[in-house]
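Structural characterization, general
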Amino acid sequence: MNNLKKGKNIKLLQGNEACAEGALLAGVRFFAGYPITPSSEIAENMARELPKIGGKFIQMEDEIASMAAVIGASIAGLKSLTATSGPGMCLKQENLGFAIINEIPCVVVNAQRGGPSTGLPTKPSQGDMMQARWGTHGDHPIIALAPSTVHEILTLTIKAFNFSEKYRTPVILLLDEVIAHMREKVEIPALEDIEVINRKKPTVPPEEYLPFKPDEDGVPPMANFGEGYRYHITGLIHNYKGLPTSNSQEIDAFIRRLYNKIQKNAKDIIMNEKYFLDDAKIALIAYGSVARAAERTVKLAREEGLKVGLLKLLTIWPFCFEEVNKLAQQVDLIIVPEMNLGQMVLEIERAAQGKCRVVPYNRVDGELINPIEILGKIREEIKK
Amino acid sequence: MKTVIDEYIRKAMFPNMWCPGCGNGIVLGAIIRAIDDLGWDKDEIVAVSGIGCSSRITGYVDFCSMNTTHGRALPFATGIKMANPDLKVIVVMGDGDCSAIGGNHFIHAARRNIDLTAIIINNMIYGMTGGQYSPLTPTGKFGSTAPYGNIDQSFDLAELAIAAGASYVARGTVYNPRQSTSLIKKALDKKGFSVVEIISDCPVSYGKMNKMKSPVDMLKWIKDITVSKKAWDGLSPDEKRGKYAIGEFLSKDRPDYTELYEEIIKKAQESGGNK
């Protein structure tokens, strides 16, 4: 799956270490965080590595402050990262909204554990998929990515930074306790082999700069604080100048532009992988560590002559509505295994529009979903 | 007539949103005059605020400015300062903003001694939301959520800042704008975490609920409840009750956080080499 090549820079890395490696390759220069299981190793790696390259690490007094510091550092020009888990993610929502409304690039890692509340600190979960989409209040867009291998953690961390810079938005990287803590072989790409995107800067002189006037792609150029462009940032709905507005036309245009900035570029942002879907009559749709089990299930099912395939989601939000809609027209049955009580299945049902049966398979006991039980679910469903 | 103020404000934002008689404008004037005295370049300054009437100050100044979330101005400012220590970062907060929802951030910014200047406009009430009592509302006074009188004991923000590790701590009032300007100037000039609390008036909320009908009544009250630091030191505990010392309480030198982090960078590069 990882397509590793021989003779390259190959390391045995823990998921959280791979996230730190990916962030460094993407150009991260600031990390603010607060200790929490199962994401603390990301902070520890950043504390060790960032000062070596002149970057900055700070352990803040809480998760709220960490999110605030990350936004502040990004506005001052540094690519910024924070990492947490469910309870911390709850606290970050307030300032995550601030980053969204002010279009501040940053990456937020959520190594998911069981919830609600303190929940299951050392066990995996996929319970925060909808929180990633709707956790902060108000209509807003978000990008969320979900790797399923340690290698993918590295590559998607780089993607997360690139999307955040390209679209001026926070990006959430959804890990889970298992892939955050497991160790796998990872090929570290050479810097010259990876694409690194940096935020676009204004091309006009300071007196002509309108910090929230979008270009054609919906994204306004971003001047960092201290570069001679004096402008205002506020959590209030604002006009092109960044100043608060109560003009209903400006408000409507702003909210829609913010949303469409991501939605209209969904094709660029949506990533997924297909396994044996060409002739499939039964499709599994999975993501994160469950996708690993689902891939194995496909092999086992094929050995039994069952035409099963897998759609592995790498981009969770924006959701690949059209892809799933097309798939629903091809197959008779979609099974959605998730380590929650059925979150992404809701979106998948919506996309399938009744064109095939969509069946959830859920576990919330802190244990991984294994390939055999998904196979069992397939056998059970085809009897119906 | 053009004044020094015109040089530093965003004229498009005026008239301001504050109520007649509000002390916020006096504090804005004091901040601007202090900056002008120091001769700072507008491009080097970042003004950060939280939420509340006082926090609207950042919208009126022609610097890079940020009106952040409630209570969180200091951690946003911390990120800015860490990322670019050359920037001069000023944080303006209200009493509820700084000492209630932002209380934890306040003591930790002081503990780190990060080179920020915190200016707290203390009108002893939540003004924007309609006069609820704050952690700086004096015991026995009234608020919209303290209709029978406030039983909470209020913080002494200056003592809190000193105990938490700030480098510079002072208190002024809107009754004494020249003194306030001078205290803010010293605070801005100080390396490390500096704190200036400015006792201010909210005639429409605090005044109305505490039998001070006009802004003038409120300013007179502020004059009556404040004593100079020097006189304060000679007062008995009974005489101090209900009064506030004003002036400079602390000015010491201690390495600022961003300087200390530069040492970390040196150590990491010597031991680990460039990655």
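Report follows, based on the coordinates.

1. Some thoughts on the overall build of chain B
Along its length, chain B carries 12 helices and 10 strands. The C-alpha radius of gyration of chain B comes to 19 Å, within 12% of the 19 Å expected for a compact globule of 275 residues. Taken along its principal axes, the extent of the C-alpha atoms in chain B is 65 × 45 × 35 Å. In chain B, 68% of the contacts between residues at least 6 apart in sequence involve partners at least 24 apart. Working note: accessible area of chain B is about 11500 Å², and carbon and sulfur atoms make up 53% of it.

2. Brief notes about the sheet that holds strand β4 (residues 117-122) of chain B
Strands sit in the order β10(A)-β2(B)-β1(B)-β3(B)-β4(B)-β8(B)-β7(B)-β10(B)-β9(B) across an open sheet of 9 strands; the sheet is mixed. For this open sheet the edge positions go to β10 (232-234) of chain A together with β9 (226-228) of chain B, each flanked by a neighbour on one side alone. The mean inter-strand angle of the sheet, taken between neighbouring strand axes irrespective of direction, is 20 degrees. Together, β1 (45-49), β2 (64-67), β3 (88-94) and β4 of chain B form the strand contacts of helix α3 (residues 73-83) of chain B, whose direction differs from that of β3(B) by roughly 175 degrees.

3. Focus: the sheet that holds strand β16 (residues 357-362) of chain A
For sheets, the rule is that strands pair by backbone hydrogen bonds, running either parallel or antiparallel. Residue and element names in this part refer to chain A. Here we have 5 strands laid out as an open sheet, ordered β11-β13-β12-β15-β16, and mixed in their pairing. The open sheet has two free edges, formed respectively by β11 (272-275) and β16, since each of these has just one partner strand. In this sheet, neighbouring strand axes are inclined to one another by 20 degrees on average, regardless of whether the strands run parallel or antiparallel. As paired elements, β11 and strand β13 (residues 308-313) share 4 bridges and run antiparallel to each other. Residue pairing across strands places Asn-272 opposite Leu-313, the latter belonging to β13. Against the sheet, helix α10 (residues 288-303) contacts β11, β12 (282-286), β13 and β15 (333-338), and its axis sits at roughly 165 degrees relative to β13.

4. Section: the interface of chain B and chain A
Facing 43 residues of chain B, the contacting portion of chain A comprises 42 residues. Counting each side, the surface lost to burial between chain B and chain A is near 3500 Å², with a carbon and sulfur contribution of 62%. Counting across the interface, chain B meets chain A through 5 salt bridges. Counting every contact that joins chain B to chain A gives 15 residue pairs in polar contact (both at pLDDT 80 or more). Residue assignment for the side of chain B that touches chain A shows that the elements contributing at least two residues are α2 (57-60), β2, α3, α5 (103-112) and α12 (257-272) of chain B. With 8 residues, α12(B) is the largest single contributor of residues to the side of chain B that touches chain A. Looking at the side of chain B that touches chain A, its residues break down into 17 nonpolar, 17 polar and 9 charged. For β10(A) and β2(B), the ladder comprises 3 bridges, and the chain directions are parallel. Across the sheet, residue A:Thr234 finds its bridge partner in β2(B), namely B:Asn67.

5. Observations regarding the state of the cysteines
Counted according to the given criterion, the structure contains 0 disulfides over all chains. Cysteine A:Cys356 is unpaired, with the sulfur of A:Cys320 as its nearest cysteine sulfur at 13 Å. Taking relative accessible area as the criterion, A:Cys356 reaches 11% and is therefore assigned buried. Cysteine B:Cys53 is unpaired, with the sulfur of B:Cys22 as its nearest cysteine sulfur at 6.4 Å. Overall, the relative accessible area of 23% leaves B:Cys53 in the partly exposed class.

6. Things to note about unusual backbone geometry
Residues and elements named next belong to chain A. Note that the residue after Thr-37, namely Pro-38, is joined by a cis bond; omega there is 5 degrees. With respect to the helices and strands, the residue Pro-38 is situated in the loop between β2 (30-33) and α2 (40-49). The linkage connecting Trp-317 with the following residue, Pro-318, adopts the cis geometry, with an omega of 0 degrees. Within the secondary structure layout, Pro-318 lies in the loop between β14 (315-317) and α11 (321-330). A positive phi angle, near 55 degrees, is found at Glu-103, a position not held by glycine. As for its placement among the helices and strands, Glu-103 is situated in the loop between α4 (86-101) and β5 (106-114). Of the residues examined, Glu-103 reaches a relative accessible area of 0% and is grouped as buried. Of note, the phi angle at Ser-117 is positive, near 55 degrees, even though the residue is not glycine.

7. Notes on the pairing of strand β3 (residues 56-59) of chain A
All names here are of chain A. Pairing analysis gives 4 bridges linking β2 to β3, with the strands arranged parallel. By the bridge assignment for β3, Ala-32 is matched with Ile-58. On the question of chirality, the crossover connecting β2 to the parallel β3 by way of α2 is right-handed.

8. Digging into helix α6 (residues 150-167) of chain A
If you check α6(A), its first and last C-alpha atoms are 25 Å apart, about what 18 residues at 1.5 Å a residue would give, namely 26 Å. A:Arg168 sits one or two positions beyond α6(A) and adopts a positive phi of about 50 degrees.

9. A short note on the packing of helix α1 (residues 15-26) of chain A against α2(A)
Residue and element names in this part refer to chain A. Orientation of α1 relative to α2, taken along the N-to-C sense of each, is 45 degrees, at an axis distance of 8 Å. Classified by the interaxial angle, the pair formed by α1 and α2 is oblique. Crossing angle aside, the handedness with which α1 passes α2 is right-handed. Along its contact with α1, which presents Asn-16, Glu-17, Cys-19, Ala-20, Ala-23 and Leu-24, the element α2 presents Glu-41, Ile-42, Asn-45, Met-46 and Glu-49. Per-class residue counts for the contact of α1 with α2 are 6 nonpolar, 2 polar and 3 charged.

10. What to know about the packing of aromatic side chains
Per the stated rule, a full pass over the model turns up 12 aromatic pairs over all chains. Measuring from ring centre to ring centre gives 6.1 Å for B:Phe106 and B:Phe193, while their planes differ by 70 degrees; the resulting arrangement is edge-to-face. Of the two residues, B:Phe106 sits in helix α5 while B:Phe193 sits in the loop between α7 (177-189) and β8 (194-199), which places them 87 residues apart along the sequence. Note on accessibility: B:Phe106 and B:Phe193 belong to one class, buried. Feature note: the residues A:Tyr209, A:Phe225, A:Tyr229 and A:Tyr231 constitute an aromatic cluster, connected by ring pairs. Over the aromatic face of A:Trp134 sits the side chain of A:Arg133, whose NZ or CZ is 3.9 Å from the ring centroid. In this arrangement the basic side chain of B:Lys88 is found over the ring face of B:Trp40, its NZ or CZ atom lying 4.9 Å from the centre.

The rules behind these values
- Residues numbered from 1 in each chain as written.
- Chains lettered and ligands numbered in written order.
- Predicted model: local features only at pLDDT ≥ 70, side-chain atom pairs only at ≥ 80, totals over all residues.
- Heavy atoms only, no water.
- Helix = DSSP H or I, 4+ residues; strand = E, 2+ residues; numbered from the N terminus.
- Rg over C-alpha atoms; globule rule 2.2 N^0.38 Å.
- Contact = heavy atoms within 4.5 Å.
- Areas by Shrake-Rupley, 256 points an atom, 1.4 Å probe, with all protein chains shown as cover.
- Pairing = 2+ DSSP bridges.
- Axes fitted to C-alpha atoms, helices over the stretch in contact; angles between N-to-C directions.
- Buried area = accessible area lost by both parts, 1.4 Å probe.
- Salt bridge = Lys/Arg side-chain N within 4 Å of Asp/Glu carboxyl O.
- Polar contact = N/O pair within 3.5 Å; in protein donor to acceptor, adjacent residues only side chain to side chain.
- Nonpolar A, V, L, I, M, F, W, Y, C, P; charged D, E, K, R; others polar.
- Disulfide = S-S within 2.5 Å.
- Buried < 20%, exposed > 50% of the residue type's maximum accessible area, 1.4 Å probe, protein only.
- Right-handed = clockwise from strand over helix to strand, strands pointing away.
- Expected span 1.5 Å × (residues − 1).
- Parallel < 35°, antiparallel > 145°, perpendicular 65-115°, else oblique.
- Left-handed = near helix turned anticlockwise from the far one by under 90°.
- Phe/Tyr/Trp six-rings, centres within 6.5 Å; stacked < 30°, edge-to-face > 60°.
- Lys NZ or Arg CZ within 6 Å of the ring centre and 35° of its normal.

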